[in-house]
Amino acid sequence: MLTFKTKLLSSLLLGIAFTTSAQNSTPVYLNVNKPIEERVENALSLMTTEEKVALCHAQSKFSSKGVARLGIPDVWSSDGSHGVSDEKLWDEWSSAQWANDSCTAFPALTALAATFNPEMASLFGKSIGEEARHREKTMLLGPGVNIYRSPLNGRNFEYMGEDPYLASRMVVPYIQGVQSCGVAACLKHFALNNQEISRGEINVNLSDRALHEIYLPAFKAAVQEGKAWSIMGAYNKFRGEHCCHNDLLLNRILKQDWNFDGVVVSDWGGVHNTDEAVNNGLDIEMGTYTNGLTTQGHFPFSSYYLANPFLKGIKDGKYDMAKLDDKARRILRLIFRTTMSANRPFGRFVSPEHSAAARKIAQEAIVLLKNDKNMLPIPVGKYKKIAVIGENASRSLVVGGGSTALKVAYEVTPLQGIMSKYGKEHVVYSMGYASGPSLYGAEAPSKLNADSLQKAAIEVAKSADLVIYVGGLNKNYYQDCESGDRKSLSLPFGEDKLITSIEQVNKNVVVVFSSGNAITMPWLDKTPAVVLSWYLGSEAGNALVDVLSGDVNPSGKLPFSFPKKLTDIGAHAFDKMCYPGDSVNVYYKEDILVGYRWLDTKKIEPLFPFGFGLSYTTFAYSKPAADKTEVATDGILKVSFVLTNSGKVDGAESAQLYISKQKSAVTRAAKELKAFKKVFLKAGESQTVTMAVPVSSFAYYNEAKYGWEVEPGNYTLLLGSSSRDVKGKVEVTVK
Ligand code: BGC
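Residues numbered from 1 in each chain as written. Predicted model: local features only at pLDDT ≥ 70, side-chain atom pairs only at ≥ 80, totals over all residues. Heavy atoms only, no water.

Draft legend 1. Broad picture of the overall build of the chain. On a plain count of helices and strands, the chain comes out with 18 helices and 28 strands. Computed over its C-alpha atoms, the radius of gyration of the chain comes to 27 Å, within 12% of the 27 Å expected for a compact globule of 735 residues. Across its three principal directions, the C-alpha atoms of the chain cover 90 × 65 × 65 Å. A burial count over the chain gives 61% of its 735 residues as buried. In the chain, the share of contacts with a sequence separation of at least 24, taken over all contacts with a separation of at least 6, comes to 75%. Summed over its atoms, the accessible surface of the chain is roughly 27,200 Å², and 54% of this surface lies on carbon and sulfur atoms. Counting 81 positive and 76 negative side-chain charges, the chain places the centres of these two groups 3 Å from one another. (Helix = DSSP H or I, 4+ residues; strand = E, 2+ residues; numbered from the N terminus. Rg over C-alpha atoms; globule rule 2.2 N^0.38 Å. Buried < 20%, exposed > 50% of the residue type's maximum accessible area, 1.4 Å probe, protein only. Contact = heavy atoms within 4.5 Å. Areas by Shrake-Rupley, 256 points an atom, 1.4 Å probe, with all protein chains shown as cover. Lys, Arg positive; Asp, Glu negative; His and termini not counted. Charge placed at Lys NZ, Arg CZ, Asp CG, Glu CD.)

Next comes the structure, spelled out in structure tokens:
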């Protein structure tokens, strides 16, 4: 028999692990087979106060400490919601210039919302989660679900539109997808970060109804159904307290009412005092202003509100140890769920599957807004000379925008896509206008001469058989970019004038525009075809020509309304205290009537309604029927109808179901989305579609009772192809 010593020696030599009683003394927190809560308690019991405090604040721009002594890894995060951003320097915003961190860019989140397809959200989450996992991230900083309140908000492109139900249905599978990769999704920005003007201090005033019915549902769904492991506090204030340490939002609503057991991370530099940070629900403080090496320079990491001041307060008995333990527990739980989980799969980075996913999501996101006389699709060979005009045809749209800017492995531009589809020899490009470089927080107009660019473009347009104009916003400052709201609803860079001039010399014009926001279209009447192409990421050019050429039938629908003018939108229908406020306060005077809820209730005609989007085929809806005419407040209604692809090409339709309550004790929107379903049908094919709607979702938030209440009485269910194109109605009575 081998002695213990020789057994040890031989297995060490052979590199083989063997079991001894020593393994039984493996601490519980390292045992991946033990329940997470046991591991958390065990790790916590082994930690010093200093180590616990160290968990609660940044140690670098994008990381906070683990417990090195115990082998518990640091928490590493990365922007953003539509691609994993490049590594940054330890305590500066600049790129660390690594050579192996160029990612796949997926479409921005407004584009994802436009797919009206939760399966796309799941594919998106899984794909970006795999990229984050490959890059060894603990936490991906996204997705964002702030409601699109004003079309001027510089960050709307990062969010999922104006409807709380749509955003809820899209965010849940996204989070599940990310977290299936062992990476925490960090939901943001909680809450009410609906403008960039004065974002760091503006105090948002709104009713409990607007809060609960419009601005919180997507966060709630992400927490309760998506089981998000982390959430980021917003920069702004709500009812007098900054959202990164807001007792009502974080302690009472998020942690108490919604049972959130994950980590609250501050937005970068969003923390303002230690007492509130300790007591009002924040767990990790991240920062912006540090500028020096770790413990030196301006406001070093050790001076963060949750660093030395917190430690001192604990030691002095000012803060309760239970507060620190609660934060530490949450952070340990996050680590055990992610980097120290046995179930953490391997990731992959810039794989062909991710390119395919980015392309598929982009194809489903593109919205066809107008298509007179079947201008589109454009078959290969139909036009001999195609003029491509507009800077966005050749400009990178993955950069700019602020923290979501990406360093990508590749980006197919619209011009590249059009050339490879229709043949280089048939395409001539003219820039038409120039926007200048993308700088964060500053405008830098182009030095190129606008008149010459326009003249050259018009010459090209004159002699072409077809013009594909590719413009729009571009994530420059004030043009869909963090830290600045747009100044108007119009297209920038003289584009309206340019499009109008092109149309004077050529009748065959297709306008393609990028944007995360609504725009006005003074040229719309004269333009035969209009396509909204969002910010589509690495596969932008491919997805665009897939749709332009008809290889793919467009099926995107608008996740927000396009008003005819700014004042048609609730947030802009009042004085400046309603938007953007006076830099101290803003009052949401439109209350629950956000987006189409305002337009429909006030009977204002939009330019394009919420839920709108054309197809190359047509769809016929049969009369809808409900499975019952009377239903209990806790019942479920099933609404069925037959959807037929009545045209000549295969395609997909997102059918939408809204409710309307005419007689109510409270103000209600004329319509509220309660269900939608995207259905793929071959040409000529029919399918019976059933949507199940829980009656509990008919509830309004009763401010007197601080709770949800389903009003009994008659409701109309409206089945539509958009919020304005109602195909059929069903009346039901709730008892
Ligand atoms: C943004 C966050 C972002 C963070 C880190 C902040 O300015 O508001 O969305 O995740 O920076 O880049």
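Draft legend 2. Representation of the site of the ligand in the model. Close contacts around the ligand come from 14 residues, with Asp-79, Arg-155, His-189, Asp-267 and Glu-482 the closest. The contact in question runs from an oxygen atom of the ligand to an N or O atom on the side chain of His-189, over 2.7 Å. Taking Glu-482, its side chain carries an N or O atom lying 2.7 Å from an oxygen atom of the ligand. Most atoms of the ligand, that is more than half of them, are within 2 Å of grid points of the second largest pocket. (Near = heavy atom within 4 Å. Polar contact = N/O pair within 3.5 Å; in protein donor to acceptor, adjacent residues only side chain to side chain. 1 Å grid on protein atoms, 1.4 Å probe; cavity = no way out; pocket = protein on both sides within 12 Å on 5 of 7 lines; lining within 4 Å. Sits in = over half its atoms within 2 Å of the grid points.)

Draft legend 3. Local environment of the nonpolar core. Within the largest apolar cluster, 120 residues are counted, with the highest numbers of intra-cluster contacts made by Leu-112 and Phe-190. With 8 residues, the single largest contributor to this core is helix α6 (residues 164–179). (Core = buried A, V, L, I, M, F, W, Y, C linked by side-chain atoms within 4.5 Å.)

Draft legend 4. Examining empty space enclosed by the protein more closely. Applying the stated rule across the entire model yields 4 cavities of 30 Å³ or more. The volume enclosed by the largest cavity comes to roughly 130 Å³. As for the largest cavity, its lining consists of 15 residues, of which Leu-397, Pro-414, Ser-514, Leu-536 and Ala-540 are closest to the centre. Considered class by class, the residues forming the lining of the largest cavity number 9 nonpolar, 4 polar and 2 charged. Of the pockets and cavities examined, the second largest cavity occupies roughly 90 Å³. (Points joined across faces, edges and corners; volume = space filled by probe spheres on them. Nonpolar A, V, L, I, M, F, W, Y, C, P; charged D, E, K, R; others polar.)

Draft legend 5. How the structure looks around unusual backbone geometry. The linkage connecting Asp-79 with the following residue, Gly-80, adopts the cis geometry, with an omega of 5°. Structurally, the position occupied by Gly-80 is in the loop between β3 (75–78) and α4 (109–114). With an omega dihedral of -5°, the bond running from Leu-376 to Pro-377 counts as a cis peptide bond. Checked against the element boundaries, Pro-377 lands in the loop between β11 (367–371) and β12 (386–389). Of note in the backbone geometry, Leu-192 takes a positive phi value of approximately 65° without being a glycine. Summarising the element assignment, Leu-192 is placed in the loop between β5 (184–190) and β6 (203–205). Its identity as a non-glycine residue notwithstanding, Lys-475 has a phi of 70°, on the positive side. Topologically, Lys-475 is positioned in the loop between β14 (466–472) and α16 (495–505).

Draft legend 6. Inspection of the packing of helix α5 (residues 118–134) against α6 at higher detail. The contact between α5 and α6 brings their axes to 7 Å, and the two run at 30°. Relative to α6, the element α5 lies roughly parallel. Judged by the twist between their axes, the crossing of α5 over α6 is right-handed. Listed contacts from α6 to Pro-118, Ala-121, Ser-122, Phe-124, Gly-125, Lys-126, Ile-128 and Gly-129 of α5 are Arg-169, Met-170, Pro-173, Tyr-174, Gly-177 and Val-178. (Axes fitted to C-alpha atoms, helices over the stretch in contact; angles between N-to-C directions. Parallel < 35°, antiparallel > 145°, perpendicular 65-115°, else oblique. Left-handed = near helix turned anticlockwise from the far one by under 90°.)

Draft legend 7. Just the state of the cysteines, in detail. As enumerated under the stated definition, the model contains 0 disulfides in all. Looking at Cys-481, it has no disulfide partner, and the nearest cysteine sulfur is the one in Cys-103, 17 Å off. Using a relative accessible area of 1% as the deciding quantity, one classes Cys-481 as buried. Not engaged in a disulfide, the cysteine Cys-578 finds its nearest cysteine sulfur in Cys-243; these two sulfurs lie 18 Å apart. (Disulfide = S-S within 2.5 Å.)

Draft legend 8. Highlighting the pairing of strand β22 (residues 651–660). Summarising burial for β22: 10 of the 10 residues are buried, a large majority. Across 9 bridges, the pairing between β22 and strand β23 (residues 672–681) is antiparallel. Each residue of the ladder has a partner; that of Gln-656, found in β23, is Phe-676. (Pairing = 2+ DSSP bridges.)

Draft legend 9. Here's a closer look at helix α8 (residues 217–224). Counting buried positions over the 8 residues of α8 gives 6, a clear majority of the element. Of all the residues in α8, the buried ones are Pro-217, Ala-218, Phe-219, Ala-221, Ala-222 and Val-223. Those residues of α8 that are buried are in contact with α6, β5, α7 (208–215), β7 (230–233) and α9 (247–257).

Draft legend 10. Up close: the sheet that holds strand β15 (residues 509–514). On the basis of which strands lie adjacent, the open sheet formed by 6 strands has the order β11-β16-β15-β14-β12-β13 and mixed pairing. Across the chains shown, the open sheet's two edge strands, defined by having one partner strand only, are β11 and β13 (427–430). The mean inter-strand angle of the sheet, taken between neighbouring strand axes irrespective of direction, is 15°. Bridge count for β15 against strand β16 (residues 529–532) is 4 bridges, and the pairing is parallel. Following the sheet pairing, Val-510 is matched in β16 by Ala-529. Where helix α15 (residues 450–462) meets the sheet, its contacts fall on β12, β13 and β14, and the angle it forms with β13 comes to roughly 160°.

Draft legend 11. Spotlight on the layout of surface pockets. When its volume is computed, the largest pocket comes out at roughly 990 Å³. Looking at the lining of the largest pocket, the elements that each hand over two or more residues are α6, α7, α8, α9, β23, β24 (686–694) and β26 (707–709). Ranked by residues supplied to the lining of the largest pocket, first place goes to α7 with 6 residues. Of the residues contributing to the lining of the largest pocket, the split by class is 19 nonpolar, 8 polar and 13 charged. Residue lining of the second largest pocket: 45 residues in total, with Trp-93, Gly-402, Ser-403, Tyr-440 and Glu-482 positioned closest to the centre.

Draft legend 12. The arrangement of the packing of aromatic side chains in detail. Under the criterion given, the structure shown has 28 aromatic pairs. Centroid distance Phe-124 to Tyr-174: 5.2 Å. Interplanar angle 40°. Geometry classified as tilted. Remark: Tyr-174 occurs in helix α6 and Phe-124 occurs in helix α5; sequence separation between them is 50 residues. Through a chain of ring-to-ring contacts, three or more aromatic side chains come together here, namely Tyr-148, Phe-513, Trp-534, Phe-560, Phe-562, Phe-608 and Phe-612. Directly above the ring of Tyr-588 sits Arg-149, whose terminal nitrogen or CZ lies 3.7 Å from the centroid. Positioned over the ring face of Trp-598 is Lys-602, at 4.9 Å from the centre of the ring. (Phe/Tyr/Trp six-rings, centres within 6.5 Å; stacked < 30°, edge-to-face > 60°. Lys NZ or Arg CZ within 6 Å of the ring centre and 35° of its normal.)

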